[in-house]
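# Observations on the three-dimensional arrangement
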Amino acid sequence: MMFAQIVVLEYIHTEDEPRSFTYEIPTELHDRMTIGHLVIVPFGNRRLPGLVIALPETSAIKNLKSIEALLDPQPALSPAQFELAKWISETTLAPLHECIELFLPPGIQGRVDTLYTLVDAELPAKLSATQSELVALLRKRGPLRSAQIDRALPRKNWQEAVRSLTRRNLIEKQSILMPPSVRPKLAKYVRLIADRSASIVDQARSDLSARSEVADRRSRILDYLAHENKPVWISWVYAETGANLADLQALADRELIALGEEEVWRDPLADKSFVSIDPPHLTHDQASVWDKIQLNLSPPSTPYLLHGITGSGKTEIYLRAVAETLAQHKRALVLVPEIALTPQTVQRFAARFAGRVGVIHSGLSDGERYDVWRKTRAGAIDVIIGPRSAVFAPIDRLGLIVIDEEHEGSYKQEHRPFYHAREVALQLARLTNATVILGSATPSLESWSRAQRGEFKLLTLPRRIIGHTQSIQDQQTRYHIEAKSFQPTDVDDARYAEMPPVDIVDLRAEIKSGNPHIFSRRLQNALADVLNRNEQAILFINRRGAATFVLCRDCGHVLKCPRCDSPLTYHEPIDQPQKVTMLICHTCNHREPQPNECPNCHSKRIRYFGTGTQKVEAALKELIPEARTLRWDRDTTSGKDSHEIILQHFIQHEADVLIGTQMIAKGLDLPLVTLVGVISADTTLHLPDFRSSERTFQVLAQVVGRAGRSILGGRAIIQTYAPDNYAIEAAAQHDYESFAKKELEFRQQAAYPPFTRLARLLIRDANADRAKREAEKVATQLDSLLTRSGIARDSIIGPAPCFFAKLRDQYRWHIALRHPDPVSIVRELRLTPAWRIDIDPLSML
């Protein structure tokens, strides 16, 4: 007798969750069952999907239930992936089954539904109208699933009716497992039967030669198949001959052709062409970096942190590392932070490694993601590119993980499990003996500190490469432009360029001089010049989070908490009879009414702050009516391939100005962009989050780096009410190291990461008082735990309302814990399921 320990892939409400269960393996599966297999198991009166996590030799439990079937003949998780799932569960405190599901393709584990059957019994005379309809439906059609009843009785509360009939034993219900929602795609093909002699086919043509439309179509089918001399997809036959299925079936009945079907891969790159390019010569900076990586690529060593300014040639280092990995018969994973970056990244990698690249991201259909997952597991893809979810792809013989723009917050999942793809990738590399390269022009302070401590090897690319001779000539020809003078490099055919000059505009001075417009006079003039030269501009709106801090537009004063110096947050009146607008500190819960004038200069122009993309677009149209604009924000990128479409339109110069939010700050390469305008740098700067200065510096440094990336050169203009802020000044000077030094001094004094770790505990409740009471109760419990451990009370921050105090009719309170090992403390708390636990949070909003 053989046994399997199985994690059931559905939430089970038990106090000691997560749990696994032991089942007996049926004889027919003894030789096929391994760890990582997806199976169907009976669970109570239900049939549920589960994953095999162990194969114990014995079991102390008698009369075990037996596994019913395999969902997939191949294991869904490799041993390394299962170890990684356990690690994610342990470090995020998320249930194991949720962590396992991260690795599964969409729809493969099946779905649970309920089957309703009418009992063959005498029904009572009095039934409600809905009960009568339900009984008549089941009597006519037989047992039905919930989804089928939903469609048959739309807008009817049949659930209440069925509960009543079930209690009276007039209807039986049974939990069933539905087939997976995603399956391999099958396509029909047609072939001329090879063993039929030519004379028979010729005779058939002769028989069909009678002048009729049907005969003509069927004769064309035979001619087309004879010419192709191979099986042809049925859709092609339809397109080429005008035939229909009845024509094919008639010829098949005469045994002249055969119809069949064959599995085809859904490939999101199938309709795209990529021109192969030769690797460029490396500059001295690149060669120095590459020599260090190549020397230690196999066997792998300490992870590399590649700090290269925007346009310094980091991607070429990634490409060389991937090429070397493939030469060693291993595979590579390339992570990018956003779908928006995927088109250009895929273009570069697919051009270098034709036919060996696959892409995974949420913009694909379930079928496409399922097939890319299967092809990867089968070893048919050597390079996987995608955002954070790509780290869970089933890549065998993994040799390299590249994490581009490693500082980006989108690598952190914002719902349970709250994993960070960077940390998951580092752990995956430990489990698979792979090399990791983290790259960024503005590394996260956590990664920078790890490099300073020697946990990462720091490599630098300090100069911007404008291009090589051929690419410069190509740009001149394509855009009909003349190259400016650039610095020669140590490579004959390459050129360096200075980083674009950045002007900081003080918006307080603009208002005092009589210009209340969204655009400063300097930005207005720069936009007009760019459009006159037939070049392009980017207008960036810093809208991460809600822009609801309160600022004086005359002196730039930001209202802050008198107790902890955090920016006070504007709150609309919520459920208050007085309807008083309050300013709240989201660190200590200090509250005060919004003043009518600035306490610093007594100006009346004090208000909450924020501007959207539509408002900026309207203002630009009013200023320059002939300007062709494109918006790139959440509202314009909801459709399939919308990121790629918008990017292509702009690259092809179908618009003059691209207006967008965070998406356009990433590593895009746009040759005609010679101006970047930041509408306001202050939005993230004054958010009540200890990372606000870091985020501000990163996004500004990244977005101004979009300018001057071609032979045209470029400039950037940053508009701000805080021109003397060190994050803004350092971004304008392209000076990461001075920013990091100052910000790390603040973090150390305030005992924030990377000098300690954080856990964020967040409660949501429809009742405001209940949410507050629960938060205070857990804070007391946490205080008691820390006291017993001899840890100071100031390790707890809060409880306080969240920055977004109410979302989707739920009031939100949170507590932050500072501790070297927050998991060990939080694990001891007695928390209800309403609590969200985020270990090492990236946002405190």
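Refer to the preceding data block for the structure.
Let me begin by describing the structure that accompanies this report. If you're wondering where the values come from, they're calculated on a predicted model, not measured in any experiment.

## Details of the overall build of the protein
The helix and strand tally for the protein stands at 25 helices and 36 strands. Split into buried and exposed, the 845 residues of the protein put 55% on the buried side. A sequence separation of at least 24 residues applies to 76% of the contacts in the protein between residues at least 6 apart. Here the protein displays about 38,400 Å² of accessible surface, and carbon together with sulfur accounts for 48% of that area.

## Quick notes on the sheet that holds strand β5 (residues 69-70)
Strands sit in the order β2-β1-β4-β3-β5 across an open sheet of 5 strands; the sheet is antiparallel. The open sheet has two edge strands with one neighbour each: β2 (21-25) and β5. Sheet topology places strand β3 (residues 38-43) next to strand β4 (residues 46-54); 6 bridges connect them, and they run antiparallel. Looking across to β4, one finds that Val41 is bridged to Leu48.

## Thoughts on the pattern of salt bridges
Applying the stated rule across the entire model yields 33 salt bridges. Among the ionic pairs, Asp382 bridges to Arg331, the shortest N-O distance being 3.1 Å. Taken as a pair, Asp382 in the loop between α13 (366-377) and β15 (383-386) and Arg331 in strand β13 (residues 331-335) lie far apart in primary sequence, 51 residues in all. This pair shows no difference in class: Asp382 is buried, exactly as Arg331 is. Here the salt bridges do not stand alone but share partners, grouping Glu406, Arg422, Glu423, Arg450, Arg453 and Glu455 into one network.

## Considerations on helix α3 (residues 129-141)
In this model α3 runs 18 Å from its N-terminal to its C-terminal C-alpha over 13 residues, within 8% of the 18 Å that 1.5 Å per residue would give. Those residues of α3 lying buried are Thr130, Gln131, Leu134, Val135, Leu137 and Leu138. Each buried residue of α3 sits inside an arc of 160° when the element is viewed along its axis, so together they form one side. Every exposed residue of α3 that faces more than 90 degrees away from the buried side is listed here: Ala129, Arg139 and Lys140. One or two positions beyond α3, positive phi appears at Gly142, with a value near 85°.

## Considering the packing of helix α10 (residues 284-295) against helix α11 (residues 314-327)
Two numbers describe how α10 lies on α11: the axes approach to 10 Å, and their chain directions differ by 30°. Between α10 and α11, the crossing angle belongs to the class labelled roughly parallel. The handedness of the crossing between α10 and α11 comes out as right-handed. Between α10 and α11, the contacting residues are Gln286, Val289, Trp290, Ile293 and Gln294 on the first element and Glu316, Ile317, Arg320, Ala321 and Glu324 on the second. Across the contact of α10 with α11, the residue classes break down as 5 nonpolar, 2 polar and 3 charged.

## Details of the sheet that holds strand β36 (residues 835-839)
Here 4 strands make up an open sheet; going across it, the order is β34-β35-β33-β36 and the pairing antiparallel. With one partner strand each, in any of the chains shown, β34 (796-807) and β36 form the two edges of the open sheet. The average undirected angle you get between the axes of adjacent strands in this sheet is 20°. Pairing geometry for strand β33 (residues 757-765) and β36, over 5 bridges, is antiparallel. Its bridge partner being in β36, Ile763 is matched across the sheet by Trp835.

## Notes on the nonpolar core
Formed by 89 residues in total, the largest nonpolar core has its most connected members in Ile100, Leu333, Leu335, Ile384 and Ile401. Apart from the residues lying within four places of it in its own chain, the contact partners of Ile384 are Ala332, Leu333, Val334, Gly358, Ile360, Val372, Thr376, Ala390, Ala393 and Ile395. Leu282, Tyr318, Leu319 and Ile385 belong to the second largest nonpolar core, which has 28 residues in total.

## Considerations on unusual backbone geometry
Along the chain, Pro753 connects to Pro754 via a cis peptide bond; the corresponding omega equals 15°. Assignment of secondary structure puts Pro754 in the loop between α23 (736-750) and β33. Cis geometry is adopted by the peptide bond preceding Pro799, which originates at Gly798 and carries an omega value of 10°. Residue placement: Pro799 occurs in strand β34. With a phi angle near 60°, Leu93 is a residue other than glycine that sits in the positive phi range. Mapped onto the fold, Leu93 is located in the loop between α1 (79-92) and α2 (96-101).

## Concerning the packing of aromatic side chains
One pass over the structure, following the stated rule, counts 11 aromatic pairs. Geometrically, the ring pair formed by Tyr189 and Trp233 is edge-to-face, given 6.5 Å between the ring centres and 70° between the ring planes. Here Tyr189 is found in strand β9 (residues 185-192), whereas its partner Trp233 is found in strand β10 (residues 232-233), with 44 residues between them in sequence. For Trp233, a relative accessible area of 23% corresponds to the partly exposed category. The interplanar angle of 5° and the centroid separation of 4.5 Å between the aromatic rings of Phe697 and Phe739 together place this pair among those described as stacked. Of the two residues, Phe697 is situated in helix α21 (residues 692-704) and Phe739 in helix α23; the sequence distance between them amounts to 42 residues. A relative accessible area of 1% places Phe739 in the buried class.

Rules and cut-offs
- Residues numbered from 1 in each chain as written.
- Predicted model: local features only at pLDDT ≥ 70, side-chain atom pairs only at ≥ 80, totals over all residues.
- Heavy atoms only, no water.
- Helix = DSSP H or I, 4+ residues; strand = E, 2+ residues; numbered from the N terminus.
- Buried < 20%, exposed > 50% of the residue type's maximum accessible area, 1.4 Å probe, protein only.
- Contact = heavy atoms within 4.5 Å.
- Areas by Shrake-Rupley, 256 points an atom, 1.4 Å probe, with all protein chains shown as cover.
- Pairing = 2+ DSSP bridges.
- Salt bridge = Lys/Arg side-chain N within 4 Å of Asp/Glu carboxyl O.
- Expected span 1.5 Å × (residues − 1).
- Arc of directions from axis to C-beta.
- Axes fitted to C-alpha atoms, helices over the stretch in contact; angles between N-to-C directions.
- Parallel < 35°, antiparallel > 145°, perpendicular 65-115°, else oblique.
- Left-handed = near helix turned anticlockwise from the far one by under 90°.
- Nonpolar A, V, L, I, M, F, W, Y, C, P; charged D, E, K, R; others polar.
- Core = buried A, V, L, I, M, F, W, Y, C linked by side-chain atoms within 4.5 Å.
- Phe/Tyr/Trp six-rings, centres within 6.5 Å; stacked < 30°, edge-to-face > 60°.

Any functional reading would require information that these geometric values do not contain.
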